[in-house]
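Listed below, chain by chain, are the residues.
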Amino acid sequence: MGRFGADLKKARGFALGLLIPFILLVVWEATVRFNWVDAYVFPAPTIILQKIVELAQEGTLWGHVGITFFRVIIGFLAGTIAAVVLGSIVGYFKWFEQLMDPLLQAFRSIPSLAWVPLFILWMGIGEPSKVMLIAVGVFFPIYLNIVSGIQGVDRKLIEVGKIYHFTPLQIVRRIIFPASLPSFLVGLRSGVGLGWMFVVAAELMGASQGLGYLLVVGQNTYSPELIIASIILFALLGKATDSLLKTLEARALKWQDNLQNQ
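Residues numbered from 1 in each chain as written. Predicted model: local features only at pLDDT ≥ 70, side-chain atom pairs only at ≥ 80, totals over all residues. Heavy atoms only, no water.

Visitor: Explain the overall build of the chain here, please?
Guide: Across its full length, the chain carries 10 helices and 0 strands. When the helices and strands of the chain are read in sequence order from the N terminus, they spell out α-α-α-α-α-α-α-α-α-α. Projected onto its principal axes, the C-alpha positions of the chain cover 70 × 60 × 30 Å. Long-range contacts, defined as pairs at least 24 residues apart, comprise 70% of the intrachain contacts of the chain with a sequence gap of at least 6. Summed over all atoms, the accessible surface of the chain reaches about 16100 Å², with 70% contributed by carbon and sulfur. (Helix = DSSP H or I, 4+ residues; strand = E, 2+ residues; numbered from the N terminus. Contact = heavy atoms within 4.5 Å. Areas by Shrake-Rupley, 256 points an atom, 1.4 Å probe, with all protein chains shown as cover.)

Here it is, written out as structure tokens:
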């Protein structure tokens, strides 16, 4: 009964999350069908779905989705590794924070598109420049959350560890890591969201494949249905990766006694 109740609660939550999108789609379809908006500017959802199905039947959709997903994943991993290494050192060592954090905060203030010409100049318009741009976007939210999580660990917990003669490694593994894990996981979700945003800018850098490339093709061919279809695919892929990380977060933090786990 308990398992059934939990499944029912999940199903109800899933259905509730679909309610507003469903209403918006119905309203959107109606406004086009009743000619309240021009269909050639703002196509109906059914037309956009037809375009996605058409791309899938042609076989081109999976190639575009696959290369975009690959770029995001590689950039996300690269940005995460750099953020974990630097964020952990900055958060743990005060002197390293004073040394590095001002420079990193200055870099964080640079608009994402400002990196595009520099990366093209350094690495050309191939995959390395695209992955690097995504990694830059992913790096900062994860870095900030790691630093915040480590520096937010209660000092009393550290003192308790020292009383029990924990080694520095044990303090990190048994106190600092669990206490900073929630902030780190939130940073991962923020990072992957920015990764999907940065991949659009990356694929405007002379890409010949990808969902960002489809946006350019739609603009050049005056195909609003292709543009909106690409945007919807970005939204669906971004939601899928965020849901995956949210599930990981829920399982990793199952030990917490909070409102979410009640």
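Visitor: Is there a simple way to think about the packing of helix α9 (residues 211-220) against helix α10 (residues 224-252) in this case?
Guide: Angle between the axes and distance between the axes: these two values describe a pair of packed helices. α10 packs onto α9 with a crossing angle of 160° between their chain directions and a minimal axis gap of 8 Å. Here α10 runs roughly antiparallel to α9, going by the angle between their axes. For the crossing formed where α9 meets α10, the hand is left-handed. Note on element contacts: α10 touches α9 through L226, I227, S230, I231, L233, F234 and L237, opposite L211, G212, L214, L215, V217, G218 and Q219. Partitioned by chemical class, the residues of the contact of α9 with α10 number 10 nonpolar, 4 polar and no charged. (Axes fitted to C-alpha atoms, helices over the stretch in contact; angles between N-to-C directions. Parallel < 35°, antiparallel > 145°, perpendicular 65-115°, else oblique. Left-handed = near helix turned anticlockwise from the far one by under 90°. Nonpolar A, V, L, I, M, F, W, Y, C, P; charged D, E, K, R; others polar.)

Visitor: Where do I start with the side chain of K130 in this structure?
Guide: Considering the arrangement of structural elements, one finds K130 in helix α6 (residues 127-151). Look at K130: it is buried, it has no salt bridge, and the nearest opposite charge is E127 at 5.0 Å. Once residues lying within four places of it in the same chain are set aside, the contact partners of K130 are R71, I125, A202, E203, M205, G206 and A207. (Buried < 20%, exposed > 50% of the residue type's maximum accessible area, 1.4 Å probe, protein only. Lys, Arg positive; Asp, Glu negative; His and termini not counted. Salt bridge = Lys/Arg side-chain N within 4 Å of Asp/Glu carboxyl O.)

Visitor: Teacher, can you tell me more about the packing of aromatic side chains here?
Guide: How two aromatic rings sit relative to each other is set out by the distance from centre to centre and by the angle between their planes. Enumeration according to the criterion identifies 12 aromatic pairs in this entry. Each ring, one from F107 and one from W115, has its centre 6.0 Å from the other, and the planes form 65°; the classification is edge-to-face. Look at F139 and F140: their rings are 5.0 Å apart centre to centre, the planes differ by 85°, and that puts the pair in the edge-to-face class. Grouping residues by exposure puts F139 and F140 together as buried. Joined through ring pairs, the aromatic side chains of Y92, F93, W95 and F96 make up one cluster. (Phe/Tyr/Trp six-rings, centres within 6.5 Å; stacked < 30°, edge-to-face > 60°.)

Visitor: Sorry if this is basic, but what is going on with helix α5 (residues 115-123) here?
Guide: Among all positions of α5, only W115, V116 and F119 are buried. Down the axis of α5, the buried side of the element spans an arc of 100°, and every buried residue falls inside it. Of the exposed residues in α5, the ones pointing more than 90 degrees away from its buried face are P117 and L121. Turning to α5, the residues buried within the fold contact α4 (94-108) and α6. Positive phi appears at G124, one or two residues downstream of α5, with a value of about 75°. (Arc of directions from axis to C-beta.)

Visitor: Is there a simple way to explain unusual backbone geometry in this structure?
Guide: Leaving glycine out, the prevailing phi sign among residues is negative, and the prevailing peptide bond configuration is trans. The phi torsion at N35 lies on the positive side, around 60°, for a residue other than glycine. Note on placement: N35 falls in the loop between α1 (2-33) and α2 (45-58). Judged by relative accessible area, N35 falls into the exposed class, the value being 66%.

Visitor: What exactly am I supposed to notice about the confidence of the model for the chain here?
Guide: When the pLDDT values of the chain are averaged, the result is 84; 92% of them are 70 or greater. The least confident element of the chain is α1, whose mean pLDDT is 76; the most confident is helix α3 (residues 60-92), at 91. (pLDDT = per-residue confidence, 0-100.)

Visitor: Sorry, what's going on with the pattern of salt bridges here?
Guide: Pairing is possible between side chains of opposite charge, provided their charged atoms come close. Scanning the entire structure with this criterion turns up 7 salt bridges. Across the salt bridge formed by K94 and E97, the nearest N and O atoms sit 3.5 Å from each other. In this pair, K94 and E97 both sit in helix α4, 3 residues apart, roughly one turn of the helix. Judged by relative accessible area, E97 falls into the buried class, the value being 15%. Between R189 and E249 there is a salt bridge; the shortest N-O distance is 3.2 Å. Pair noted here: R189 is in helix α8 (residues 168-203) and E249 is in helix α10, with a separation of 60 residues, a long-range link. Using a relative accessible area of 15% as the deciding quantity, one classes E249 as buried.

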